[in-house]
Amino acid sequence: MRLGSGTFAACCVVIEVLGVALFLRGFFPTPVRSSARTEHQAEPPAPEPSAGASSNWTKLPPPLFRKVVIMLIDGLRDDFVFGSKGVKFMPYTTYLVEKGASHSFVAEAKLPTVTMPRIKALMTGSLPGFIDVVRNLNSPALLEDNVITQAKAAGKRIIFYGDETWVKLFPRHFVEYDGTTSFFVSDYTEVDDNVTRHLDKVLKRGDWDVLILHYLGLDHIGHVSGPSSPLIGHKLREMDSILMKIHTSLLSEERETLVPNLLVLCGDHGMSETGGHGASSVEELNTALILISSAFERKPGDIRRPKHVQQTDLAATLAIGLGLPIPGNSVGSLLFPTVEGRPVREQLRFLHLNAVQLSKLLQENVPSYTKEPGFEQFKMSERLHGNWIRLYLEENNSEVLFNLGAKVRRQYLDALRTLSLSLSRQVAQYDIYSMLVGTVMVLEVLALLLLSIPQALSSEAELEVPLWSPVFSLLFYLMFLVLSALHVIVCTSTESSCYFCGLSWLTAGGVMALISALLCAVGSALAKMFADGKFLSKNPAHPKARWSELDVLILLGTTGHVLSLGASSFIEEEHQTWYFLINTLCLALCHEIYRNCFLRDDCEPQQCSHVEEGFVSPAPALQDRSIRCNMLEPHRVSKGPTSLDTLRGYEKWMVLASPWVILTCCRLLRSLNQTGVQWAHRPDLGHWLTSSDHKAELSVLAALSLILIFALVQRRCSLTSKVAMALGLLGVYCYRAAIGNVLFPWQRDSKDISKGVIEARFVHVFVLGILFTGTKDLLKSQVIAADFTIKTVGLWEIYSGLVLLAALLFRPHNLPVLVFSLFIQTIMTKFIWKPLRHDAAEITIMHYWFGQAFFYFQGNSNSIATVDVSAGFVGLDTYMEVPAMFLTAFATFAGPVLWASHLVSFLSSETSSLPGGRTGTWL
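Residues numbered from 1 in each chain as written. Predicted model: local features only at pLDDT ≥ 70, side-chain atom pairs only at ≥ 80, totals over all residues. Heavy atoms only, no water.

Per an unreviewed UniProt entry, the protein goes by the name GPI ethanolamine phosphate transferase 2 isoform X3 and belongs to Callorhinus ursinus.

Below you can see the structure in the form of structure tokens.
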């Protein structure tokens, strides 16, 4: 059956989309959800268990606290409170932790550690998914059962000040609110002052039940300066004074009402060593959680060390404290120390309500829930609880009642711990079968596309798909039967839920038929290529064109990298893959250079001759080698002869030394920024430079880097662009000096710190000017079609403008990354790609490899915690979403973008350098 190229491509795209969708459906498992409770209808509470006696406790227990104040400090790491910084900068909080009426915890957050999912976890007790990372940018209203909605339904009056994410998640829930923008990370003063200015008035009022305060300044300082910044200490001291003001006000109110209040100090997530968050390092996961109330009696000398709990436990605790139903989707358990002072019957009632809620959630989400240890423990606890109630109602005050009560309490706590663990594990389970089916579909289509490219690009633009051949039909039926049998075995033996198994048999059979047909098509295409003898041909148009050693390395390296993405450990440490590939590439280039320079056609040594012409008119130096010399490269039909024999003395030595120079540069860059997961905590040169003790060294390095950037970029710019580049780079240093990163020679300290808005905008003007000049030259070259020089200059000026923008957005210690990027591009252009006459495909792949490597040389990783959010607000004095997102994205992917733009400029310049603008033998 013959198909047109367009029809074939459209079918492939549709199948690819279906395969990717199926894979993502398995990769993002269905969250644990309860169907028993909706937003407008609450289920009645479970009655107290009894064994032969009738209990009259069928309603929710009364509230434990009259008012609740939640003080959430964004980015509050546990060591900021419980470590040396807490002792130094938060003395009042430290006193409450060590001697006051409080309970302290280290609350462990789950991935993703960004603000909106963590707020959901705190208020719902559920575990948000990775899709919430995207929703974090524009939070939709939260429809899931949560403490805020329950409190509003119970008539509680809630006031909120702080991060506007709360207002988006809970619209029309607050009787009074004042939201602040959370993404403008350059502001760490006003964003907190706008919260604190309401405190004096609201604390004196009695018309509220819940007060929520969300402070963003600490997190913003982390994004801009990191957790070691001196500004962290000032901000912690400010937060400590605010906590003291709130606590003092609540205590004075309790003396009048004689009813305890609750003050909660917590963080939504932690902060990595670079100041970001979003990943799974200990510093990002562990947050401080302190519950402060006069109800928590403390004896003299009672030392309470912070216990490790789950962040989701707060939702159940707040619900119990406010006398509300526990959110139906909560996987957390009650923080038992908060009810230790209550009578035993109340303690068991609280634990029973929590256990009933978790057991119902388990029944609705785990098919084999009866086999779960937590469910068995819960049933045992409930029976013991009923026996205890019977003894209690009989007014039996013997030691037996006391011992049985203690046993029931321990049994409940064990059951809660096990149930919570089972539900959390259910959220983390991947649907492997659905992921595998989707992956097979995607890989089959990719293989078919690659094998069909020669036919699709032919003059007929048609493909022959052998759907009706007997061999094809036989293989198809065999594969269909095997896959169908495998599907039945998997779906009938698995105990966990599987999306693909939940589809109708007709739909699943269609997918199996599609996979079988694709597999047969790939096999037929491979058989045809082997039969035609084109499998080892690099270019089907030239049957004698064979793969060189460098081509094989590029193919195997790219394929190996793609396959490595199937393992999470390789994704976490992907930078190691790229470092290995570019190092291997440099060694392969070194081998190619030395062989071309020192071997004759018959593989015997020779000396490179010295000719004065240079690179302008390449002369034949080496003829095609014989098969005896290199089995992998008997012919290089697509390439012209190399020009190594035309090199002058210093140029010849530079060609020979260039791979080793590039290797040295890459090794130095690896020492600048540690990245990944396993070794990200290890010290590196970047940490040493950014410490306050080495600001002078950082200033010298930044100034020298900016000078080298100008020297490497200006050589092909117009005079106007050269002046703009010089002034722009000077403005970059002025901007970094204004915000206190570096020093001018006449400065002794950096006390006069500003936001540097004027200096940054000064640079932005020159960036736009250079980009405008380059764009004008490009448009001019379209009018004057024969003038390729204008086009080449225009592309280089656009590239120069992007380099200037990168210099502005990069942190000062990362400017050497930009210098080495430009230097390696210059070395490879002048001494590798031109002399060795590499073709366009090889040069493109090399640019791709180095672009990916420089993404990690910047200190980036596959974790969102390494995204430098502060770069998005360089030159902005207010939050503007589109410019902020563009600048953040460009600063993050500057390495790949600059190498891609250099590729376009290089290919254009090499095309235009040939007479008449011809593409040349390497294109």
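### Describing the overall build of the protein
In terms of regular secondary structure, the protein is built from 34 helices and twelve strands. The long-range fraction of contacts in the protein, counting pairs at least 24 apart against all pairs at least 6 apart in sequence, stands at 75%. (Helix = DSSP H or I, 4+ residues; strand = E, 2+ residues; numbered from the N terminus. Contact = heavy atoms within 4.5 Å.)

### Overview of helix α11 (residues 217-225)
Most of α11 sits out of view: seven of its nine residues are buried. Three or more residues of α11 are buried, namely Gly217, Leu218, Asp219, His220, Ile221, Gly222 and His223. Packed against the buried residues of α11 are β2 (68-73), α2 (78-82), α9 (190-196), β6 (210-215) and α12 (230-257). Of the residues one or two after α11, Gly226 is the one with positive phi, at around 90°. (Buried < 20%, exposed > 50% of the residue type's maximum accessible area, 1.4 Å probe, protein only.)

### Considering the sheet that holds strand β8 (residues 286-292)
Pairing is mixed across the open sheet formed by eight strands, whose spatial order is β5-β4-β6-β2-β7-β8-β3-β9. If you trace the sheet from one side to the other, it starts and ends with β5 (176-180) and β9 (307-310), each paired once. Sheet twist, expressed as the mean angle between neighbouring strand axes with direction ignored, is 15°. (Pairing = 2+ DSSP bridges. Axes fitted to C-alpha atoms, helices over the stretch in contact; angles between N-to-C directions.)

### A few points about helix α14 (residues 313-322)
For α14, the buried fraction is high: ten of the ten residues fall into the buried class. For α14, the complete set of buried residues consists of Asp313, Leu314, Ala315, Ala316, Thr317, Leu318, Ala319, Ile320, Gly321 and Leu322. Where α14 ends, the next residue or the one after it, Gly323, has phi of about 70°, a positive value.

### Let's talk about the packing of aromatic side chains
The full count for this structure, using the stated rule, is 23 aromatic pairs. With centroids separated by 4.9 Å and ring planes inclined at 50°, the aromatic side chains of Trp796 and Tyr799 adopt a geometry described as tilted. Residue Trp796 and its partner Tyr799 are both found in helix α30 (residues 788-809); the two are separated by three residues, about one turn of the helix. The burial state of Trp796 is the same as that of Tyr799; both residues are buried. Taken together, a centroid distance of 5.3 Å and an interplanar angle of 55° make the contact between Trp833 and Phe906 tilted. Of this pair, Trp833 sits in helix α31 (residues 815-836) while Phe906 sits in helix α34 (residues 894-912), placing them 73 residues apart in sequence. (Phe/Tyr/Trp six-rings, centres within 6.5 Å; stacked < 30°, edge-to-face > 60°.)

### What to know about the confidence of the model for the protein
Do not read the predicted coordinates in detail wherever pLDDT is low. The predicted model of the protein averages 83 in pLDDT, with 84% of residues at 70 or higher. Under a pLDDT of 50 for its full length, residues 600-641 has, in the predicted model, 91 contacts with residues more than four places off or in other chains. Here residues 914-923 is a poorly scored stretch, pLDDT under 50, and it has 23 contacts once near neighbours within four places are set aside; other chains count. (pLDDT = per-residue confidence, 0-100.)

### Quick notes on a nonpolar patch on the surface
Residues Val20, Leu24, Phe27, Phe28, Tyr430 and Ile432 make up a contiguous nonpolar surface patch of about 530 Å² in total accessible area. A per-element tally of the nonpolar patch places helix α1 (residues 5-27) first, with three residues. Counting through the fold element by element, Val20 comes out in helix α1. (Patch = residues over 30% accessible without salt bridge, like charges linked within 9 Å, V, L, I, M, F, W, Y side chains within 5 Å. Areas by Shrake-Rupley, 256 points an atom, 1.4 Å probe, with all protein chains shown as cover. Salt bridge = Lys/Arg side-chain N within 4 Å of Asp/Glu carboxyl O.)

### Notes on the nonpolar core
Ranked by size, the top nonpolar core spans 85 residues in total, and within it Ile662, Ile709, Leu804, Ile824, Met828, Phe850 and Phe857 carry the most contacts. The biggest single contributor to this core is α31, with twelve residues. The contacts of Phe857, once residues within four sequence positions are left out, are Tyr579, Ile582, Cys666, Leu669, Arg670, Asn673, Asn814 and Val817. (Core = buried A, V, L, I, M, F, W, Y, C linked by side-chain atoms within 4.5 Å.)

### What to know about the pairing of β2
Burial analysis of β2 places six of its six residues in the buried class, the great majority of the element. Residues of β2 alternate between two faces, with Val68, Ile70 and Leu72 on one and Val69, Met71 and Ile73 on the opposite face, all of them buried. Pairing between β2 and β6: six bridges, direction parallel. Opposite Met71, over in β6, you have Leu213 as the bridge partner. As judged from the five bridges shared by β2 and strand β7 (residues 262-266), these two strands associate in the parallel manner. Bridge pairing in β7 places Met71 opposite Leu265.

### Here we look at the environment of Phe873
You can see Phe873 is positioned in the loop between α32 (840-857) and α33 (881-892). Since its relative accessible area comes to 5%, Phe873 is described here as buried. For the pair formed by Phe873 and Ala884, sequence separation is eleven residues and the distance between their alpha carbons is 5.7 Å. With residues up to four places along the chain from it excluded, the contact list for Phe873 reads Phe183, Phe184, Val185, Ser186, Tyr879 and Ala884.

### Some remarks on the side chain of His198
With respect to the helices, strands and loops of the structure, His198 is situated in the loop between α9 and α10 (199-204). Its relative accessible area of 18% is what places His198 among the buried residues. A distance of 3.4 Å separates a polar side-chain atom of His198 from the backbone oxygen of Asn194. Excluding residues within four positions of it along the chain, His198 makes contact with Tyr161 and Asp178. (Polar contact = N/O pair within 3.5 Å; in protein donor to acceptor, adjacent residues only side chain to side chain.)

### Some thoughts on the UniProt feature "transmembrane region" (unreviewed entry) in the protein
According to UniProt, the feature "transmembrane region" (unreviewed entry) maps to residues 7-28, 432-453, 465-490, 510-531, 696-713, 725-744, 756-773 and 884-908 in the numbering used here. Helix makes up 70% of residues 725-744 and strand 0%, and the two end C-alpha atoms of the span are 20 Å apart. (UniProt positions renumbered as here; feature names shortened; annotations may be inferred.)

### Regarding the state of the cysteines
As enumerated under the stated definition, the model contains one disulfide in all. A disulfide bridge connects Cys491 with Cys501, and the sulfur atoms are separated by 2.1 Å. Torsion about the S-S bond of the Cys491 and Cys501 cystine: about -85°, corresponding to left-handed handedness. In this pair, Cys491 sits in helix α19 (residues 470-493) while Cys501 sits in helix α20 (residues 499-502), placing the two residues ten residues apart along the sequence. Unpaired in terms of disulfides, Cys665 finds its nearest cysteine sulfur in Cys666, a separation of 6.8 Å. (Disulfide = S-S within 2.5 Å.)

### Some words on the packing of α11 against α12
What describes two packed helices is the angle between their axes and the distance between those same axes. Contact pair α11 / α12: the axes reach a minimum separation of 10 Å and the direction vectors enclose 180°. Taken together, the axes of α11 and α12 are roughly antiparallel relative to one another. When α11 is examined against α12, the residues Gly217, Leu218, Ile221, Gly222 and Ser225 are found in contact with a partner set consisting of Leu231, Ile232, Lys235 and Leu236. Of the residues assigned to the contact of α11 with α12, the class counts are five nonpolar, three polar and one charged. (Parallel < 35°, antiparallel > 145°, perpendicular 65-115°, else oblique. Nonpolar A, V, L, I, M, F, W, Y, C, P; charged D, E, K, R; others polar.)

### Brief notes about the pairing of β6
Of all six residues in β6, six are buried; the element is thus mostly enclosed. Sheet topology places strand β4 (residues 158-163) next to β6; five bridges connect them, and they run parallel. In the strand pairing of β6, Ile159 is matched with Leu211.

### What about the packing of helix α24 (residues 574-598) against α32?
Across the interface, α24 lies against α32 with an axial gap of 9 Å and an inter-helix angle of 135°. Taken together, the axis directions place α24 and α32 in an arrangement best described as oblique. The way α24 lies across α32 gives a crossing that is left-handed. The residues of α32 that touch α24, namely those facing Glu574, His575, Trp578, Tyr579, Leu581, Ile582, Leu585, Cys586 and Leu589, are Met846, Tyr848, Trp849, Phe850, Gln852, Ala853, Tyr856 and Phe857. Taken together, the residues of the contact of α24 with α32 sort by class into 14 nonpolar, two polar and one charged. (Left-handed = near helix turned anticlockwise from the far one by under 90°.)

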